Amino acid sequence: MTNSSSPSTIKFLYSYAGKILPRNTDGNLRYIGGHTRVLTTNRSITFSELIVKFFESCGFSVNLKFKLPSEDLDVLVSVTCDEDLRSVIEEYNRVSTELKIRVLLFPVNSLKTISPVPSVESIVKPKPKPKPVLCLRRQYCYMMDRKSLFVHDWNVKWMNNKRPLGVR
């Protein structure tokens, strides 16, 4: 079949935000949940234009995995450039120019997490606040970090009269 006899538009049946799971009855894979939509576009669309259209529809960057017309969901073809896209379209054209091209969209997993630039305030460390003190039975006190245990002399101001446990 030549390109002159093929229609000028192409349809993509695409799904995202779901999962590929085996069917209970026969074990064949199927796509469950998420959203499934149809995108009709010019047959001469480029890979980058297609990625933009899917981003606008889904709201996130995607990796494209195409199901070939002769295969099940256990064989998906990753498409990453114009040449890959043309090959998949040609594969569908061999079967029929009327078929919707089946695409599964997966979110891009970023290799890096970009952190915001630190502010001056976050670089300058503030003075540590004193840790709260908890007193039990009016004689044993410990810092909230539970590392410092001391005996408190109730007759004198607290800050001046703490001593380590065991010291008299």
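As recorded by an unreviewed UniProt entry, the protein chain carries the name PB1 domain-containing protein and is attributed to Tagetes erecta.

Per the secondary structure count, the protein chain includes three helices and 11 strands. Along the chain direction, N to C, the helices and strands of the protein chain fall in the order β-β-β-β-α-β-β-α-β-α-β-β-β-β. A total of 168 residues make up the protein chain; the buried ones form 24% of that total. Within the protein chain, contacts between residues separated by at least 24 positions form 50% of all contacts whose residues are at least 6 apart in sequence. Of the roughly 12600 Å² of accessible surface on the protein chain, 54% is carried by carbon and sulfur atoms.

For helix α1 (residues 47–58), which comprises 12 residues, the first-to-last C-alpha distance of 16 Å matches the rise-based estimate of 16 Å (1.5 Å per residue) to within 8%. Within two residues after α1, Gly59 carries a phi angle of roughly 90°, on the positive side.

Here we come to the nonpolar core. Grouped together as the largest cluster of nonpolar side chains are 21 residues, with contacts concentrated most on Phe12, Phe54, Leu64 and Phe66. Counting residues per element, the ones that place at least two in this core are β1 (9–16), α1, β5 (62–67), α2 (82–95) and β7 (101–107).

A positive phi angle, close to 65°, is found at Ala17, a residue other than glycine. The topology assignment puts Ala17 in the loop between β1 and β2 (19–22). By relative accessible area, Ala17 is classed as exposed at 58%.

Calculation rules
- Residues numbered from 1 in each chain as written.
- Predicted model: local features only at pLDDT ≥ 70, side-chain atom pairs only at ≥ 80, totals over all residues.
- Heavy atoms only, no water.
- Helix = DSSP H or I, 4+ residues; strand = E, 2+ residues; numbered from the N terminus.
- Buried < 20%, exposed > 50% of the residue type's maximum accessible area, 1.4 Å probe, protein only.
- Contact = heavy atoms within 4.5 Å.
- Areas by Shrake-Rupley, 256 points an atom, 1.4 Å probe, with all protein chains shown as cover.
- Expected span 1.5 Å × (residues − 1).
- Core = buried A, V, L, I, M, F, W, Y, C linked by side-chain atoms within 4.5 Å.

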